[in-house]
Every structure is written in structure tokens, then in C-alpha cells.
Amino acid sequence: MNIKKNLSALLAAGMLAGMLPAAGAAASPVVEYDMAGQFADLTITGLPADRQIHSVQLELTVDGLHEIEFTPVSLPEGSAPRISLGKVVRGENETNDTAVTIYVDSIVSIVDDQQISLGTLKFANAEVEHTFDSSGKIILLNEHQNRISEGPVSVRKAGSTEPEKPEENPGGSTGGNNSSGSSSGSSRPTSSGSSGKLHEVSTSQSGNGSVRVSPSDAEKGDTVTVTAKPDAGYKLQSIAVLDSSGREIDLTERGDGTFSFIMPDGKVTVEAVFVPDTNSAAQTAPMSFADVPAHEWYYSAVSYVYQHGMMSGTSAAAFSPNVPTNRAMIVSILHRLEGSPAAGGGTFPDVAAGQYYTGAVAWAASNGIVSGYSNGQFRPDDIITREQLASILYRYAQYKGYALAAPAALSGFSDAADVSPYAVDPMGWAVAQGLVSGTNRGTLDPAGGATRAQAASILMRFCQTLANMP
């Protein structure tokens, strides 16, 4: 499939510049799907430039019941797109249509014509024609995961000015497939003791795999099925279901990558961690990033973090070495190094449940590895500074009980006075440990952002000198 628009390098770091319709604007967004066999490229148009968009949630209805996978246009380190499938419910009845919800975090790009290319849906059944209802729902969020727009979205086939299939019985109590038009749904059974209220089942992955849940909204007492599918070269390390308070819910393994649990009376999050499969030939294959030539200083570092599963590319062909790294990414890398242990509920108001970094930040905070800003926020999307990176690694090394080098004096650096008081010892330690050597101008540049190449280099030296990783 041809992806219509390329992402900018900045978006590869997980930062999205986008816009929403102004209040009272007559135009509404339009979703176009470009079908080719079992694949459908999704594009959203009609987004005037007036606000910042960080994440997109898109809800669509597909005629018939299908198994569907979603591949985003590009995926920055640590970010995880989510797709959930379920039966469409109209009124009190289920239908034989598929409700598709796609959540895309920090990876889409709005270009000059106010267009977002989301990615590609892949239908398991290639033998039938796939059609979408003419309307759906779109939710747009800012970098703090606050809703900045929510409303209907028109859906049509690419190149068409009219929707191909009208929505059946909007707001009605019955539903059916498009071919018969008759009521084919049945009343949804209510479990004993159920409140009759539907609760959301969201998913959170570390990347390198996908998780599907069915249904994506369930009543108390319903059985929810979870399907975890690792990418080539990876395996499922852990999977857990957490309620809104962070308590783990019993999960039953059913085999073939599927699990089930009984829905509690409240929303839940399914958290899955995929790690490199050392027995897989795909994992030992050499990296093939076009922007990491062998003569560059960061080649060996990028190769190291890639082969050890700490960092992946921003796309199949790019690592984006000069793109800044954000705070959530670094904490997520350390969390994976630790085996992705479970942690209690979140402690920062700007770390929403269900994000790829939610569990990692909770673990790091509960173990004193991160403490956030003075206003109580963590700011996961902030570019991590060199002194912040040194401080986080310093506290992680203390948490691990590593033998730490005595901090070096920083007086030899012309900008030593610019180091924040909290970071003086960590920066001195990082220099003594050989993790930080200063810039080519003889400065520490403590407030400067750490690029992905710099982060890879520091992480490689940390693992080799302290963690005894080969």
C-alpha cells in the first residue's frame, strides 16, 4: 500500500503539530478509505490549522464481522497504536457489524492541506468487499490527553464525494447487515448482578506487538477476550489487566496468544510487554536504517540498543538519530530493561491511564528513579535534557545497587555553573563514569536536549560499564 504523506522527523520523536476546526466552523472532518484488496489506507481531511493535536481516537463501523489489524504510518520509540473490535450496539441490540476503535498517539502528521494519514487496516478475509458506514466519531486530544474536540466524522471511499453506504437505523433500536436490511441483532444478555452499564476496556503496549480486546466495552460479569500478537522477532513477556485503581485482575490463558478475564464494575486497562526473542532469526538480522550509515559516530550505539531491544526505529527504514528524546521514552526503556515489573497507581496528574508509558512512570516514581517537576507534573512529552538523563540514570544505578564512581569535579567545563543544583552530583557521576564527556565546545550543555543518537550512546555505555551487558 502506498502511504500518501510522509511524517516529519519531529513527529518521529512523538511530537505532533495539528489543528482542529474553529468553534462554530461549518466544515467537519472527513475520513477517506482507499481500499486495495484486504487493505484500507485511512486518511482524515478537513482539519483547519488552529490548535495543537497530540492524539486521535477514531471510531468507525464496518459492514459485517471481521478480524482487523492496524498498522500506523510510522511509530516513534515507545509509542503504541491501539485498535479494539466489537459488535455494533444500536439501542439495546447488537448487530452483525464491527465497531472499530483506533487510538493513535503522537504519530500522525497534518500537512499543508490539513490532512492526516493514519495508517492501514488489514482485514483477515480478503474474499469479501469491505464497506464502512457513512459516519463515525472522532476525538482529538492535546499533549496532556485532554479532549479538545469530539464529534461526528463523515466516512467515504477515496475519490468519492458521497458516502458509499448509509448508516443504518441511526439511534434506532435494531440493526442488521447491509445486504438484508433486516434486524439480525439479538438482545444483549445481562449478567447476574450486572449494573447494565458498559465500561471501557483499553489497551497499552510497549510496542513490538499488538493487543486486541473483544468486546471493547463490557458490563460487569462479561467475559472479555484478549489476543496478544508479537511482531516478527519479538515475544510476549508479560500481560496484565488492571482496574482503575491499578489492582490486577485475574487473567486466564487460553492458548495461541489468547486470554480472558471477567469484567469488573469499572473500566480496565490491558497492559502487554513484548521483548526481543533471542531465539528468533529476525532479531539477529542487521539493522537497515538508511539514516544510520556505518561511518557515523553513533552507528555502534544505535546497533547496540537496537539489537538489545531497547530502542527501535521511528519507521522500518529510519532511526531518526538527530530527533530529540522525550522523558517518557527514557523511563520506558529502563522499565523494559528491568523486565517491565508491575507498579501501583499513577502519582502524576498529567500521566493518563492506558498510555504506553503509564506503568513505566508509576514504577520509576515508586522506586525514586523519577520525582517529576516542582508543580507535581511529570511532563512525559517534554524533551529530556542532558542533566535530567544523567539524574535518572544515576538514581536507576542506585536503585540497582551498582558500584558508583565518585562524582568528578565539573569546574573544567565552562558552563558548570549552569547545572541545576539537583543535578550536580549526577552530572559529576556521569562524567566520572564515562557516560557524559561534554560537547565539542568543552561544555556540559546541561539544559540541552538529548537526541536519540546521544541517548543510544549513553545507554550503551551505561549497560556495558555498569550492567555488565555484552
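Rules used throughout
Residues numbered from 1 in each chain as written. Predicted model: local features only at pLDDT ≥ 70, side-chain atom pairs only at ≥ 80, totals over all residues. Heavy atoms only, no water. Pairing = 2+ DSSP bridges. Helix = DSSP H or I, 4+ residues; strand = E, 2+ residues; numbered from the N terminus. Axes fitted to C-alpha atoms, helices over the stretch in contact; angles between N-to-C directions. Phe/Tyr/Trp six-rings, centres within 6.5 Å; stacked < 30°, edge-to-face > 60°. Buried < 20%, exposed > 50% of the residue type's maximum accessible area, 1.4 Å probe, protein only. Contact = heavy atoms within 4.5 Å. Parallel < 35°, antiparallel > 145°, perpendicular 65-115°, else oblique. Left-handed = near helix turned anticlockwise from the far one by under 90°. Nonpolar A, V, L, I, M, F, W, Y, C, P; charged D, E, K, R; others polar. Salt bridge = Lys/Arg side-chain N within 4 Å of Asp/Glu carboxyl O. Polar contact = N/O pair within 3.5 Å; in protein donor to acceptor, adjacent residues only side chain to side chain. pLDDT = per-residue confidence, 0-100. Core = buried A, V, L, I, M, F, W, Y, C linked by side-chain atoms within 4.5 Å.

### Re the pairing of strand S13 (residues 223-230)
The pairing of strand S11 (residues 209-214) with S13 spans six bridges and is classified as antiparallel. Bridge assignment links Ser 210 to a residue of S13, and that residue is Lys 229.

### A look at the sheet that holds S11
Reading across the sheet, the four strands line up as S11-S13-S17-S16 and stay open at both edges, with antiparallel pairing between neighbours. The sheet is open, and its two borders are formed by S11 and strand S16 (252-255), each paired with just one other strand. On average, each strand axis in the sheet is tilted by 25° relative to the strand beside it, whichever way the strands run.

### Some points on the packing of aromatic side chains
Tallying each qualifying case throughout the model produces 13 aromatic pairs. Where Tyr 356 meets Tyr 357, the ring centres are 4.9 Å apart and the plane angle is 85°; that geometry is what we call edge-to-face. Here Tyr 356 and Tyr 357 have matching classes, each one buried. Site record: aromatic cluster; members linked through ring pairs are Trp 363, Tyr 396, Tyr 399, Tyr 402 and Phe 462.

### Remarks on helix H2 (residues 299-307)
Listing the buried residues of H2 in full gives Ala 301, Val 302, Tyr 304, Val 305 and Tyr 306. Where H2 is buried, its residues contact helix H7 (452-465). Directly beyond the C-terminal end of H2, a positive phi value near 75° is found at Gly 309.

### Remarks on the packing of H2 against H7
Pairs of packed helices are described in terms of their axes, by the angle between the two and the distance that separates them. Following both chains from N to C, one finds H2 and H7 inclined at 65°, their axes separated by 8 Å at the closest point. In terms of their interaxial angle, H2 and H7 are classed as roughly perpendicular. In the crossing of H2 with H7, the sense of the turn from one axis to the other is left-handed. Across from Ser 300, Ala 301, Val 302, Tyr 304 and Val 305 in H2, the residues of H7 making contact are Ala 456, Ser 457, Leu 459, Met 460, Cys 463 and Gln 464. Residues belonging to the contact of H2 with H7 are distributed by class as follows: eight nonpolar, three polar and no charged.

### Structural notes on the packing of helix H3 (residues 327-337) against helix H4 (residues 358-366)
Closest axis-to-axis distance for the H3/H4 pair is 9 Å, and the angle between their directions is 80°. Classified by the angle between their axes, H3 and H4 sit roughly perpendicular to one another. Counting all contacts with H3, which are made through Val 331, Ser 332, Leu 334 and His 335, the residues of H4 involved are Gly 359, Ala 360, Val 361, Trp 363 and Ala 364. Its residues placed into classes, the contact of H3 with H4 shows six nonpolar, three polar and no charged.

### A few points about the pattern of salt bridges
Tallying each qualifying case throughout the model produces six salt bridges. Between Arg 379 and Asp 382 there is a salt bridge whose closest N-O contact spans 3.9 Å. What makes Asp 382 partly exposed here is its relative accessible area of 25%.

### Quick word on the side chain of Thr 120
Checked against the element boundaries, Thr 120 lands in strand S7 (residues 116-123). Residue Thr 120 is classed as buried on the basis of its relative accessible area, which comes to 10%. A polar contact is formed between the side chain of Thr 120 and the side chain of Asp 41, at a distance of 2.6 Å.

### Observations regarding unusual backbone geometry
In this chain, Ser 214 is followed by Pro 215 through a cis amide linkage whose omega measures 0°. Of note, Pro 215 is situated in the loop between S11 and strand S12 (217-218). Here Ser 320, not a glycine, exhibits a phi torsion of approximately 60°, which is positive. As for its position among the elements, Ser 320 is in the loop between H2 and H3. By relative accessible area, Ser 320 is classed as buried at 10%. We note that Arg 379 has phi near 55°; this positive angle belongs to a residue other than glycine. Among the residues examined, Arg 379 registers a relative accessible area of 28% and is labelled partly exposed.

### Examining the confidence of the model for the chain
Averaged over all residues, the pLDDT of the chain is 75; the fraction at 70 or higher stands at 72%. Considering each helix and strand of the chain separately, the mean pLDDT is smallest for helix H1 (residues 9-12), with a value of 26, and largest for helix H5 (residues 386-400), with 93. Counting interchain partners and residues more than four positions distant, the pLDDT-below-50 stretch residues 1-26 has 86 contacts. Low pLDDT (under 50) marks residues 163-194, which in the prediction has 76 contacts with non-local residues, meaning those over four places away or in another chain.

### Quick look at the environment of Glu 271
Of note, Glu 271 is situated in strand S18 (residues 268-276). Given the relative accessible area of 21%, Glu 271 is considered partly exposed. The spatial distance from the C-alpha of Glu 271 to the C-alpha of Ser 204 is 4.8 Å, given a sequence separation of 67 residues. The residues touching Glu 271, leaving out its near neighbours within four places in the chain, are Ser 204, Ser 238, Ile 239, Ala 240, Leu 242 and Gly 359.

### Considering the nonpolar core
Counting residues in hydrophobic clusters, the biggest one holds 59 residues, and the most contacted among them are Val 302, Val 370, Leu 393, Trp 429, Leu 444 and Phe 462. Every element with two or more residues in this core is listed here: H2, H3, H4, H5, helix H6 (424-432) and H7. In terms of residues, this core owes the most to one element, H7, which gives eight residues. Here Val 370 is in contact with Val 331, Phe 348, Val 361, Ala 364, Ala 365, Phe 378, Ile 392 and Arg 395, once residues within four sequence places are set aside.

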